[in-house]
Amino acid sequence: MALFTEQLFADHLTLPYPEAAVVGDAYYAAPVPDLPLRLRIDFAPTIRVGRYDGLRLQVVHMEHGRLDTAVLSFADYGAFEVRDRRLGRLPTHDGYGSFTDWNRSEHAPWVGIDVTRLRAAIDQYVRLWIPGAPPVRTGPPPFTAPAPQARTSPARTR
């Protein structure tokens, strides 16, 4: 089953790197095109086949290879907090803060993920390792004012 990796990065994480692509189940980016440093993000596997409990971030130098790896646990960043609370899952329960790709659904196995805190952690990691990288939007989507509505009835006068 597909992990819908491209959908996660394009529609949910919305990282601001212009030179980026999803290849297989991994996201690759050049946060600062003039530097030889690249970012790779994929799902962090668990001891169980097909179960993932976080995102694995790697900084790779084009000539020297991997410089650093970090894992951002879904549980630590509250990514599935709402889902787990709704299902009554506690940190000691199987499946808490993780997802599996065992079923053959047409929906992404990570549906319902909250990436707000993950985005902030990715931003902190990238800006530590790759100076000059554009900041990641870490808050909720910006407020957009509703478009003015045309009046369909005459204004009341006193």
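Because the structure is a prediction, the values reported are computed rather than measured.

1. A look at the confidence of the model for the protein chain
Detail in the predicted coordinates should be disregarded across regions flagged by low pLDDT.
Line of reasoning, step 1. Mean pLDDT over the protein chain works out to 85, with 85% of the residues at or above the 70 mark.
Line of reasoning, step 2. Long-range and interchain partners of residues 141-158, a stretch whose pLDDT sits below 50, account for 1 contact in this model, where long-range means more than four residues apart.

2. What about the pattern of salt bridges?
Line of reasoning, step 1. Counting across every chain of the model gives 8 salt bridges.
Line of reasoning, step 2. The residue arginine 51 makes a salt bridge to aspartate 94 at a minimum N-O spacing of 2.6 Å. Of this pair, arginine 51 sits in strand β4 (residues 51-61) while aspartate 94 sits in the loop between α2 (81-87) and β6 (99-100), and the two are 43 residues apart along the sequence.
Line of reasoning, step 3. Residue aspartate 84 is joined to arginine 89 by a salt bridge in which the shortest nitrogen-to-oxygen separation is 3.4 Å.
Line of reasoning, step 4. Residue aspartate 84 is classed as buried on the basis of its relative accessible area, which comes to 2%.
Line of reasoning, step 5. Accessibility expressed as a relative area gives 27% for arginine 89, which makes it partly exposed.
Line of reasoning, step 6. If you follow the salt bridges from partner to partner, you end up with Arg40, Asp42 and Arg56 in one network.

3. What to know about helix α1 (residues 5-13)
Line of reasoning, step 1. Along α1, the residues classified as buried are Thr5, Leu8, Phe9 and Leu13. On an axial view of α1, the arc spanned by its buried residues comes to 90°, and they lie on one face. Exposed side chains of α1 directed beyond 90 degrees from the buried face belong to Glu6 and Asp11.
Line of reasoning, step 2. Contacts from the buried residues of α1 go to β1 (20-23), β2 (26-29), β3 (37-45), β4 and α3 (116-129).

Rules behind the numbers
Residues numbered from 1 in each chain as written. Predicted model: local features only at pLDDT ≥ 70, side-chain atom pairs only at ≥ 80, totals over all residues. Heavy atoms only, no water. pLDDT = per-residue confidence, 0-100. Contact = heavy atoms within 4.5 Å. Salt bridge = Lys/Arg side-chain N within 4 Å of Asp/Glu carboxyl O. Helix = DSSP H or I, 4+ residues; strand = E, 2+ residues; numbered from the N terminus. Buried < 20%, exposed > 50% of the residue type's maximum accessible area, 1.4 Å probe, protein only. Arc of directions from axis to C-beta.

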